Amino acid sequence: MPIASPEVYTEMLSRAKSQGFAYPAINVTSSQTLHAALRGFAEAETDGIVQISTGGAEFLSGATVKDMVTGSVAFAEFARVVADKYPVNVALHTDHCPENKLDGFVRPLLEISRERVANGQDPLFQSHMWDGSAVDLEENLRIAEELLAASKAARTILEIEVGVVGGEEDGIVGEINEKLYTTPDDALRTAEALGLGEKGYYLTALTFGNVHGSYKPGFVKLRPGVLKEAQEAVGQKYGQAKPFDFVFHGGSGSTLEEIHEAIEYGVVKMNIDTDTQYAYTRPVVDHVMRNYEGVLKIDGEIGDKKAYDPRSYGKAAEAGMAARVVEAAQQLKSAGNKMK
């Protein structure tokens, strides 16, 4: 199937919310990790979301080029070709973008999509995230309102963050404190500023104790009830049930019960990066350890070309990451729920 059109992406998210599941949103940094994500979606029989961060976009442009737009465009065009061979719908998304990178990442990509739409094409990406966690709420929403208008013109969906995700991702650091928990007043102000769909479609990453990085279960103190309180406060004021479509960030170390509770309160997308990075790298380490003298030319020997051929460990890495994507789809209850 092709990359999801705006209509298909909207339907994907609507189905997730109405049927009680969420899509795995897998961060990728290369063609190999993209294939691992697509393979995992296909094996789990789920539609899904593939996303790149600012650092991932730089990496995709070349380690010495470091141009986020170049990397993003190259990635999206490559994904359009290869995704067509997998029997699932896939949306392309750009992950956390702070204020100081908007002009070099999200804004030019939105302009590219606006031009594509004006020429009768689908947008380049299906959604983009504005990470306003480092600025105060009013500034966050002011920028979000501007980006939402541009997003609507480009037929894309905007993702925003209200609150702070702890830990570190791509240089964005959030302290672990009470700011990790979004309040009902924050949710009400968000609905007042951005509307509930009439100004454009947006996803909301309210924070309920989320922390980026790798943690053992129990370290992260999640309070999924924060999402319920936000839905109830806004829903009561505007007469809608579950008015927000939520995104779950920083999910490593979450229990299955916490994940399912969050879905119950309106989570339709869950970001997965740390766990899939490990799942990709672990088979590479295993290959090197088992084929040490073949991978390296030790004491003047010639090694084993089959052992150091990148395809030998790349295939194992792809399989390992794909298996973790399948596990994520099962945990999020999207497995077996692909659109026909």
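Notes on the structure in this doc start here. In this text, all values refer to a predicted model and were calculated from it rather than measured experimentally.

Reading guide: rules and limits
- Residues numbered from 1 in each chain as written.
- Predicted model: local features only at pLDDT ≥ 70, side-chain atom pairs only at ≥ 80, totals over all residues.
- Heavy atoms only, no water.
- Helix = DSSP H or I, 4+ residues; strand = E, 2+ residues; numbered from the N terminus.
- Contact = heavy atoms within 4.5 Å.
- Buried < 20%, exposed > 50% of the residue type's maximum accessible area, 1.4 Å probe, protein only.
- Pairing = 2+ DSSP bridges.
- Right-handed = clockwise from strand over helix to strand, strands pointing away.
- Phe/Tyr/Trp six-rings, centres within 6.5 Å; stacked < 30°, edge-to-face > 60°.
- Lys NZ or Arg CZ within 6 Å of the ring centre and 35° of its normal.
- Salt bridge = Lys/Arg side-chain N within 4 Å of Asp/Glu carboxyl O.
- Axes fitted to C-alpha atoms, helices over the stretch in contact; angles between N-to-C directions.
- Parallel < 35°, antiparallel > 145°, perpendicular 65-115°, else oblique.
- Expected span 1.5 Å × (residues − 1).

**Details of the side chain of T204**
Okay, step 1: Tracing the sequence through the fold places T204 in strand β8 (residues 202-206).
Okay, step 2: Filtering out sequence-adjacent residues up to four positions away, T204 remains in contact with I160, F244, D245, F246 and V247.

**Examining unusual backbone geometry**
Okay, step 1: Even without glycine at this site, E45 takes up a positive phi of about 55°.
Okay, step 2: Its place among the elements puts E45 in the loop between α2 (31-44) and β2 (48-52).
Okay, step 3: E45 gets classed as partly exposed once you look at its relative accessible area, which sits at 44%.
Okay, step 4: A positive phi angle is found at K333, which is not glycine, with a value near 70°.
Okay, step 5: When you line up the elements, K333 lands in the segment after α13 (310-332).

**Some points on the pairing of strand β10 (residues 267-272)**
Okay, step 1: When you tally the buried positions in β10, you get six out of six residues, the bulk of the element.
Okay, step 2: Here strand β1 (residues 23-27) runs beside β10; their pairing, made up of four bridges, is parallel. Residue P24 lies in a different strand from β10, and its bridge partner there is M270.
Okay, step 3: Alignment of strand β9 (residues 246-248) against β10, held across three bridges, turns out to be parallel. The residue of β10 that forms the bridge with F248 is M270.
Okay, step 4: A crossover links β9 with its parallel partner β10, the connecting element being helix α9 (residues 256-264), and its sense is right-handed.

**Structural notes on the packing of aromatic side chains**
Okay, step 1: Applying the stated criterion across every chain yields a total of four aromatic pairs.
Okay, step 2: The interplanar angle of 40° and the centroid separation of 5.7 Å between the aromatic rings of F244 and F246 together place this pair among those described as tilted. Both residues of the pair, F244 and F246, belong to the buried class.
Okay, step 3: Positioned above the aromatic ring of Y181, the side-chain terminus of R223 is 3.6 Å from the ring centre.

**Remarks on the pattern of salt bridges**
Okay, step 1: Using the criterion set out here, one finds 17 salt bridges in the structure.
Okay, step 2: A salt bridge links D245 to K17; its shortest N-O distance comes to 2.7 Å. Placement of D245 in the loop between α8 (225-238) and β9 and of K17 in helix α1 (residues 6-19) is noted, with a sequence separation of 228 residues between them.
Okay, step 3: Classification of D245 by relative accessible area gives buried; the value is 10%.

**Notes on the environment of P6**
Okay, step 1: Here P6 shows up in helix α1.
Okay, step 2: Spatially, the C-alpha atoms of P6 and D122 are 7.3 Å apart, while their sequence positions differ by 116 residues.
Okay, step 3: Once residues within four sequence positions are removed from consideration, P6 is found in contact with D122, P123 and R155.

**With respect to the environment of I157**
Okay, step 1: If you trace the backbone, I157 turns up in strand β5 (residues 157-162).
Okay, step 2: With a relative accessible area of 5%, I157 lands in the buried category.
Okay, step 3: Sequence separation between I157 and H93 is 64 residues; the distance between their C-alpha atoms is 9.1 Å.
Okay, step 4: When sequence neighbours within four positions are dropped, the list of residues in contact with I157 reads Y9, T10, L13, Q126, S127, H128, S151, Y201, Y202 and L203.

**Remarks on the packing of helix α3 (residues 54-61) against helix α4 (residues 68-83)**
Okay, step 1: With their axes 7 Å apart at the nearest point, α3 and α4 run at an angle of 80° to one another. Taken together, the axes of α3 and α4 are roughly perpendicular relative to one another. For the pair α3 and α4, contact is made by T54, A57, E58, L60 and S61 and by M68, T70, G71, S72 and F75, respectively.

**Some details on helix α5 (residues 106-118)**
Okay, step 1: Over its 13 residues, α5 runs 18 Å from end to end, which matches the ideal 18 Å to within 8%, given 1.5 Å per residue.
Okay, step 2: The secondary structure elements touched by the buried residues of α5 are α4, β3 (90-94), β4 (127-130) and α6 (137-153).

**A word on α2**
Okay, step 1: The terminal C-alpha atoms of α2 lie 20 Å apart, and with 14 residues this matches the ideal 20 Å at 1.5 Å per residue to within 8%.
Okay, step 2: Three or more residues of α2 are buried, namely T33, L34, A36, A37, L38, G40, F41 and A44.
Okay, step 3: Lining the buried residues of α2 we find β1, β2, α4, β3, α10 (274-290) and α13.
Okay, step 4: Following α2 by one or two positions, E45 adopts a phi angle in the positive range, close to 55°.

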